[in-house]
Amino acid sequence: MMKILCGTSSQNLGNDLAIKMNVECVHANAKRFPDGECYVRIERDLLDREIVLVQNTHPDDNFVELLFMVDAARSLGAEKVTCIIPYLGYSRQDRRFNPGEALSAQVMLRHLESEADRLITIDLHKPEILSWVKGIPTMDLHAEPAVGRFFRDSGVDLVLAPDKGATKRAEEVGRLIGVEYDHLIKTRLSGSEVKITPSQIDAKDKSVLIVDDIISTGGTIIAATNELKRLGARSVIAACTHGLFIAGALEKLKMTCDRVVSTNTLESEVSKISVAEEIAKVI
Ligand code: R5P
């Protein structure tokens, strides 16, 4: 019998996945020594030969915990370890933008490949990076169906992507909700500042849902919301897969948007959309 083993970063998603799959959810005993180092122990009678480990690799501490969880599980006889990485840290450093830079995403994947028997990620910024992993099966799942289910019958009139590259996401969510979709034009000015080009989109009196893969500083969504409000939108809801919400982003977003919600790949007070069903389908 397979069991779910969830790390400290993914308690909510791990539990939900276990319920969907009707299997037991095992919580590793993971804690920190006074010097900050990680300690992991799994009780022997809690494990099984086949485990599905759910744990983020962001921030770095969670990656160390994941490595120790795999080691602890293997020491107790786990033979097949599927690693579900809800949010793969460093996935945006997917090329050497300047000479001499570390190719961080590749380093993370190389280490995961050496530990896991199967790797499943969710909404990678560029799913193509999984082609670097040659030795084990990999799969990147999409959160759009979960986002679409969540907003069905919620009164949304229009789904928008904040930039052209994300149009497919808006199209899929729009199709699932049964409303139109479009995209804005975004230019990144700095790490936290973006410019949304004035748009011709008809947002007047509409309830608009902006969908993105990641909200980090919130700069993208705030600029997009301001433009939509200028165009007369009745309400603006922001939904993302990975809610990083760094440096007070969530507070700023709450003051700008009518609602902010994310999936539970990263757990926070707004991670109300579960991607457990998407994972359960492929396990
Ligand atoms: C960029 O291409 C991504 O899809 C997100 O739009 C971006 O990471 C969001 O970052 P921030 O919240 O800092 O604007």
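For every chain, the first residue of its written sequence is number 1, and the numbers climb from 1 along that sequence. Two thresholds apply to this predicted model, a pLDDT of at least 70 for residue-level local features and 80 or more for giving and counting side-chain atom pairs, whereas whole-chain, interface and lining totals are computed over all residues. Values reported for side chains reflect all heavy atoms of the structure, with hydrogen atoms and water molecules removed beforehand.

K.L.:
Mind showing me how you'd approach the sheet that holds strand 15 (residues 259-263) here?
P.N.:
Between any two strands, at least two bridges found by DSSP are needed for them to pair. Helix and strand definitions here come from DSSP, where helices need a minimum of 4 consecutive H or I residues and strands a minimum of 2 consecutive E residues; each element is numbered from the N-terminal end. Spatial strand order, 10-9-13-14-15-16: six strands in an open sheet with parallel pairing. Of all strands in the sheet, those bounded by a partner on one side alone are strand 10 (180-183) and strand 16 (271-273). The mean angle between the axes of side-by-side strands here comes to 35 degrees, regardless of whether they run parallel or antiparallel. Throughout, a residue-residue contact means that at least one pair of heavy atoms, one from each residue, lies within 4.5 Å. Fitted lines through C-alpha atoms serve as axes, helices being fitted only where they are in contact, and the angles separating the N-to-C directions of these axes extend from 0 to 180 degrees. Against the sheet, helix 6 (residues 219-230) makes contact with strand 9 (158-161), strand 13 (207-215) and strand 14 (235-243), and its axis sits at roughly 165 degrees relative to strand 13, the strand it touches most.

K.L.:
How should I be thinking about the pairing of strand 5 (residues 50-54) in this particular structure?
P.N.:
Remember that side chains alternate between the two faces of the sheet whenever the strand is regular. Each residue is placed in one exposure class: buried if its accessible area under a 1.4 Å probe, protein chains only, is under 20% of its type's maximum, exposed if it is over 50%, and partly exposed if it falls in between. Counting buried positions along strand 5 yields four of five residues, so the element is predominantly enclosed. Alignment of strand 1 (residues 3-6) against strand 5, held across four bridges, turns out to be parallel. Within strand 5, the residue paired with Lys3 across the bridge is Ile51. Pairing geometry for strand 5 and strand 6 (residues 80-85), over five bridges, is parallel. Bridge pairing in strand 6 places Leu53 opposite Cys83. Here the term right-handed applies to a crossover when the path leading from its first strand over the helix to its second strand runs clockwise, the strands being oriented away from the viewer. Read from strand 5 through helix 2 (residues 60-75) to strand 6, the crossover connection turns out right-handed.

K.L.:
It is not clear to me how helix 3 (residues 104-115) should be interpreted in this structure. Could you clarify?
P.N.:
Residues that lie three or four places apart on an α-helix share one face, since the helix turns once every 3.6 residues. Between the first and last C-alpha of helix 3 there are 17 Å, a value that for 12 residues agrees with the 16 Å anticipated at 1.5 Å per step. Buried within helix 3 are the following residues: Ser104, Ala105, Met108, Leu109 and Leu112. What you see down the axis of helix 3 is that its buried residues fit within an arc of 130 degrees, all on one side. Of the surrounding secondary structure, the elements contacted by the buried residues of helix 3 are helix 2, strand 6 and strand 7 (118-122). Expected helix span is computed as 1.5 Å times (number of residues minus one). When we speak of the arc, we mean the arc of directions from the helix axis to the C-beta atoms.

K.L.:
Could you clarify how one ought to interpret the side chain of Ser104 in this entry?
P.N.:
Tracing the backbone through its elements, the reader meets Ser104 in helix 3. Setting aside residues up to four positions removed in sequence, Ser104 forms contacts with Tyr90 and Gln93.

K.L.:
Whenever I open this one, the domain arrangement of the protein confuses me. Can you help?
P.N.:
One frequent convention defines the size of an interface as the accessible area lost when the parts assemble. In terms of domain boundaries, the protein breaks down into domain 1 (2-142 + 278-282) and domain 2 (145-264). All domain edges in this entry derive from an automatic or database-based domain assignment. Put simply, the middle of domain 1 and the middle of domain 2, counted by C-alpha atoms, are 29 Å apart. If you look at the interface, domain 1 gives 12 residues, while domain 2 gives 11 residues. The junction of domain 1 with domain 2 conceals about 980 Å² of combined surface from both sides, 49% of it contributed by carbon and sulfur atoms. Of all residues in domain 1, the largest losses of buried area upon contact with domain 2 belong to Tyr87, Asp123 and Glu278, amounting jointly to 47% of the total for that side. Each salt bridge in this description consists of a side-chain nitrogen of Lys or Arg and a carboxyl oxygen of Asp or Glu lying within 4 Å of one another. A salt bridge links Arg149 to Glu278, with the shortest nitrogen-to-oxygen separation between them at 2.9 Å. All residues other than Ala, Val, Leu, Ile, Met, Phe, Trp, Tyr, Cys, Pro, Asp, Glu, Lys and Arg, Gly among them, are scored as polar; the first ten of these are nonpolar and the last four charged. A class-by-class count of the residues in the side of domain 1 that touches domain 2 yields four nonpolar, four polar and four charged. Two parts placed together each lose some accessible area under a 1.4 Å probe, and adding up what both lose gives the buried area.

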